[in-house]
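Working through the structure, step by step
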Amino acid sequence: GHWRLVAGILLGTAFGFLLVKSELAWRRTLIDQLFLRDSRFVRTFLVSVTVGALLFWLGARYGLVRHQFRPQHVYLWGAAVGGLVTAFGLALCGQVPETVVAALAAGRIYAIWTFLGMLLAMPAVRLVSGWMEQSIYRWPAPFQCPDRLDGLFSGNACFWIAGLSLILCLFFQFFEVSDDGGAED
């Protein structure tokens, strides 16, 4: 019912507030991340992956979450195209959709152009989806996909995902490039 909408609005508001207060929503933070001068964004992302994997495992263990993943090459190629478009937008604008909305809500007017680009992307997807159905979606999968991915989200895999995310987080904690080109101490 409506409780999901209310929960989504409250969680989105809290998430946006945290993005703005931590300065992760600013364009400069993401650009510094791309040049390995400031790893706050990727460390925050990796910690959220760790917490999400563990919460997902707990939720599945106690019956709060059902996972019904059905991978097909259609989803693989669609995700690949979406990832390329997001990477292009990140390189061009220095922001991702989440940070654009938070920056715009915080009054950063420059984010309006990226937000308008995101809005224009919706009809563009509708325009090219017919072509994609006839071409990209008919490409074979690059590897053999199982019918279901439920086994990948067992307890063991969730702990591996969480562990690797924490290791990468520690790597980025201690490896940042300073402005003079050397590694920071």
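In this report, we go over the structure that sits alongside the text. Everything numeric here is computed off the predicted structure, so don't read it as measured data. (Residues numbered from 1 in each chain as written. Predicted model: local features only at pLDDT ≥ 70, side-chain atom pairs only at ≥ 80, totals over all residues. Heavy atoms only, no water.)

What to know about the overall build of the protein
Along the protein, the regular secondary structure elements total seven helices and zero strands. Listing each helix as α and each strand as β along the protein from the N terminus yields α-α-α-α-α-α-α. As displayed, the protein has an accessible area near 13,100 Å², and 70% of this comes from carbon and sulfur atoms. (Helix = DSSP H or I, 4+ residues; strand = E, 2+ residues; numbered from the N terminus. Areas by Shrake-Rupley, 256 points an atom, 1.4 Å probe, with all protein chains shown as cover.)

Things to note about the nonpolar core
Counting residues in each nonpolar core, the largest one holds eight residues, listed as Leu19, Leu24, Ala25, Trp26, Val100, Ala102, Ala103 and Ala111. In terms of residue count, the dominant contributor to this core is helix H5 (residues 97-105) (three residues). (Core = buried A, V, L, I, M, F, W, Y, C linked by side-chain atoms within 4.5 Å. Buried < 20%, exposed > 50% of the residue type's maximum accessible area, 1.4 Å probe, protein only.)

Section: the pattern of salt bridges
Applying the stated criterion across every chain yields a total of four salt bridges. One salt bridge in this structure joins Asp32 and Arg37, with 3.2 Å as the shortest N-O distance. What makes Arg37 partly exposed here is its relative accessible area of 27%. Look at the salt bridges and you will find they share partners, linking Glu23, Asp38 and Arg40 into a network. (Salt bridge = Lys/Arg side-chain N within 4 Å of Asp/Glu carboxyl O.)

What to know about helix H2 (residues 27-34)
Those residues of H2 that sit buried are Thr29, Leu30, Ile31, Asp32 and Gln33. Of the residues trailing H2, Leu36 is marked for its positive phi of about 60 degrees.

Some thoughts on the environment of Arg40
Inspection of the secondary structure puts Arg40 in helix H3 (residues 40-61). In this structure, the C-alpha to C-alpha distance between Arg40 and Cys169, residues 129 residues apart in sequence, is 9.5 Å. Once residues lying within four places of it in the same chain are set aside, the contact partners of Arg40 are Ser22, Glu23, Leu24, Thr29 and Gln33. At a separation of 2.8 Å, a polar atom in the side chain of Arg40 contacts the side chain of Asp38. (Contact = heavy atoms within 4.5 Å. Polar contact = N/O pair within 3.5 Å; in protein donor to acceptor, adjacent residues only side chain to side chain.)

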